[in-house]
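Residues per chain are reported as follows:
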Amino acid sequence: MKIDIEIYNNHYGRLKKFLRLYYKRHFFENATPLIISFLVTNRCFLKCKHCFYHEAINDNIKMQAFDEMSIDEYEKLSHSMDWFLTGVFCGGEPFIRDDFHCIIDIFQKNNKVSWCDSATNGQMTDSIVTQVEKIVKNNKDQVYSLGFSIDGFEEQNDAIRGTGTFEKSMETWRECKKLAKYYKNFDLYICTTMNSINQHVLPDFIKWSIKALEPNKISLLKIRQTPRAGNYLKNIDPQYYKECKEIICNRVKEGLMGDVNKPQTYMLTSSYDYVYNTMITGKRSFFCYAGMHGAFVDYNGDIGVCEILPIIGNLKEFDMDFSKLWNSDKAQQIRQLVNKHDLCKQCTHEAEGIMPSIFFEPNELKIIK
């Protein structure tokens, strides 16, 4: 599908105007970031081989973790924050929390979050369907995206996530598809993480997913940090990643995954280019704005500029006041590490690295022409 340059430029102009409005609040303090990642729980009943969060995982899902943030604490936190564009709400498995939909609702109402996004392993069908409907029904003018974490066909997915997880995910996907027919503010997509086990099948899996599942988009993640099963999972051939990203980019250009005339449509495909360039060169290929335009909130109230760098502090020690903690002396110290720390040198972190940074110079949204 051909881009209408005039329409695209109009959308781009509105995006720039919005970003200038957002930027103004950073003149006198470190204000609420544009994109915030929340890990709302550390509970999960799967033991995925590629999981980067495994050291924090609590597999006793029947008992709420004693230091998991409460609804009242999320409410108080939200009132200490300004509006922000995107909230990424994950875990653990977020739908383990019966009140997960309440957390989303708090930020949609109090902080006018335009787009909320979550990832699920798709195993808790009833909880997922029930809570998703509450989310999309209560705030029809705000988009909610749900990504199903599926890492290849049944053989590869179950080898990574556990026997029977692929079929259960498909069952839940079909139920969520029914919801998507009635709620236009609900996006359903596939989120797949490339590692050494599944890399050889992911190009075919992505093609199959697009045709058989008809997702709103495909989110291609690169395995990162310290996987549960070992660093051998990080031995990825860049050619497989390139093939996957090109398949997705072509579908975007064809207009099958978003409006080709809107800059935001190219956000994910642009991030793939940055990741691929880092894989080829061995050097981080973007300027990171973590700590300014991106932030990380852990399940227990720990705040960081991203998941990788040291924690700034805990919200509970600051009476749940995000602004106070975000502008503390410790925050300033950690913020100085961004782009300079050894962990930043080969970073391909999508959530709190590329995504919050991609709208701002010297980065750019890359449109494949």
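Relevant structure appears above.
Attention in this report is confined to the structure presented alongside it. What you see is a predicted model, and the numbers here were worked out from it, not measured in a lab. (Residues numbered from 1 in each chain as written. Predicted model: local features only at pLDDT ≥ 70, side-chain atom pairs only at ≥ 80, totals over all residues. Heavy atoms only, no water.)

Attention now moves to the environment of K134. Structurally, the position occupied by K134 is in helix α4 (residues 125–138). In sequence terms K134 and D105 are 29 residues apart; their C-alpha atoms lie 9.0 Å from each other. (Helix = DSSP H or I, 4+ residues; strand = E, 2+ residues; numbered from the N terminus.)

With that out of the way, let us pick up the layout of surface pockets. Computed from the structure, the largest pocket encloses a volume of approximately 940 Å³. Taken together, the residues of the lining of the largest pocket sort by class into 14 nonpolar, 9 polar and 5 charged. Size it by volume and the second largest pocket reaches roughly 390 Å³. Along the wall of the second largest pocket there are 15 residues; nearest its centre are K222, K234, Q346, C347 and T348. For the lining of the second largest pocket, the per-class residue count stands at 5 nonpolar, 6 polar and 4 charged. (1 Å grid on protein atoms, 1.4 Å probe; cavity = no way out; pocket = protein on both sides within 12 Å on 5 of 7 lines; lining within 4 Å. Points joined across faces, edges and corners; volume = space filled by probe spheres on them. Nonpolar A, V, L, I, M, F, W, Y, C, P; charged D, E, K, R; others polar.)

This part is about the packing of aromatic side chains. The description of two aromatic rings rests on the distance between their centres and on the angle between their planes. Tallied over the entire structure, the rule returns 24 aromatic pairs. With a centroid separation of 6.4 Å and 65° between ring planes, the pair formed by Y8 and Y266 is classed as edge-to-face. Placement of Y8 in helix α1 (residues 5–24) and of Y266 in the loop between α8 (238–253) and α9 (267–281) is noted, with a sequence separation of 258 residues between them. Overall, the relative accessible area of 9% leaves Y8 in the buried class. Given a relative accessible area of 3%, Y266 falls into the buried group. Geometry around Y189 places K217 over its ring, the cationic atom sitting 4.5 Å from the centre. The side chain of R224 reaches across the aromatic face of F52, ending 4.5 Å from its centre. (Phe/Tyr/Trp six-rings, centres within 6.5 Å; stacked < 30°, edge-to-face > 60°. Buried < 20%, exposed > 50% of the residue type's maximum accessible area, 1.4 Å probe, protein only. Lys NZ or Arg CZ within 6 Å of the ring centre and 35° of its normal.)

This paragraph deals with the sheet that holds strand β2 (residues 86–90). Taken in spatial order, the 9 strands make up an open sheet running β6-β5-β4-β3-β2-β1-β7-β8-β9, and their pairing is mixed. Sheet topology places β6 (218–222) and β9 (313–314) at the edges, where each strand pairs with a single neighbour. Pairing analysis gives 5 bridges linking strand β5 (residues 186–194) to β6, with the strands arranged parallel. Across the sheet, the residue bridging to C191 is S219, located in β6. (Pairing = 2+ DSSP bridges.)

A separate point is the pattern of salt bridges. This model, assessed by the stated rule, comprises 14 salt bridges. Measuring nitrogen to oxygen at the nearest pair gives 2.9 Å for the salt bridge that ties E68 to R43. Here the residue E68 occupies a position in the loop between β1 (35–39) and α2 (71–79), and R43 occupies one in the loop between β1 and α2, the gap between them amounting to 25 residues. Here E68 matches R43 in class, with each residue buried. Overlapping salt bridges, with partners in common, bring together R43, E68, R97 and D99 in one network. (Salt bridge = Lys/Arg side-chain N within 4 Å of Asp/Glu carboxyl O.)

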